[in-house]
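Here are the chains, one letter per residue:
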Amino acid sequence: MAQSAAPATGAPAVTPISLKAIAPWAAFFGILMLVLLYFVGAEQGATALISGEGVHEWVHDGRHLLGFPCH
């Protein structure tokens, strides 16, 4: 009763992903996350890159969700 219906062909070969292959993607996503964190957390006041309240209004709920004060 312990027989399987699939034939035993051995374990499939698994190729590990090298760190050299992952490093550019990790750097890209790390920089992207820092840019997004800047816009959610600090894009207002003296450090603003974009004038006006547009960015603040677009990320307002995200600020409160992440615990950034904005009032």
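The rules we used
- Residues numbered from 1 in each chain as written.
- Predicted model: local features only at pLDDT ≥ 70, side-chain atom pairs only at ≥ 80, totals over all residues.
- Heavy atoms only, no water.
- Helix = DSSP H or I, 4+ residues; strand = E, 2+ residues; numbered from the N terminus.
- Buried < 20%, exposed > 50% of the residue type's maximum accessible area, 1.4 Å probe, protein only.
- Contact = heavy atoms within 4.5 Å.
- Areas by Shrake-Rupley, 256 points an atom, 1.4 Å probe, with all protein chains shown as cover.
- Phe/Tyr/Trp six-rings, centres within 6.5 Å; stacked < 30°, edge-to-face > 60°.
- pLDDT = per-residue confidence, 0-100.
- Patch = residues over 30% accessible without salt bridge, like charges linked within 9 Å, V, L, I, M, F, W, Y side chains within 5 Å.
- Salt bridge = Lys/Arg side-chain N within 4 Å of Asp/Glu carboxyl O.

Colleague: I'd like a description of the overall build of the protein, backed by residues and values.
Modeller: A tally of helices and strands in the protein yields three helices and zero strands. Helices and strands in the protein line up, N terminus first, as α-α-α. When each of the 71 residues of the protein is scored for burial, the buried share is 13%. For the protein, restricting intrachain contacts to residue pairs at least 6 apart in sequence, the fraction spanning at least 24 positions comes to 23%. Carbon and sulfur atoms make up 72% of the accessible area of the protein, which totals about 6300 Å².

Colleague: Describe the packing of aromatic side chains, and please don't skip the residues or the numbers.
Modeller: Evaluation of the coordinates by the stated rule reveals three aromatic pairs. Ring centres 6.2 Å apart and planes at 25° place the aromatic pair W25 and F29 in the stacked group. In this pair, W25 and F29 both sit in helix α1 (residues 19-41), four residues apart, roughly one turn of the helix. Under the relative-accessibility criterion, W25 is labelled exposed at 58%.

Colleague: Tell me about the environment of L66, residues and numbers included.
Modeller: Among the structural elements, L66 can be located in helix α3 (residues 60-66). The sequence separation of L66 and L37 amounts to 29 residues, and the corresponding C-alpha distance is 9.8 Å.

Colleague: Lay out the confidence of the model for the protein with the relevant residues and their values.
Modeller: The predicted structure's coordinates, where accompanied by low pLDDT, should not be read in detail. Of all residues in the protein, 79% have pLDDT values of 70 or greater, and the mean over the chain is 79. Element-level mean pLDDT values for the protein span from 77 in helix α2 (residues 54-58) up to 90 in α1.

Colleague: Give me a nonpolar patch on the surface: which residues, what numbers.
Modeller: A surface patch of nonpolar side chains, amounting to about 640 Å² of accessible area, comprises W25, F28, F29, L32, M33 and L36. If you trace the backbone, M33 turns up in helix α1. By relative accessible area, M33 is classed as partly exposed at 48%.

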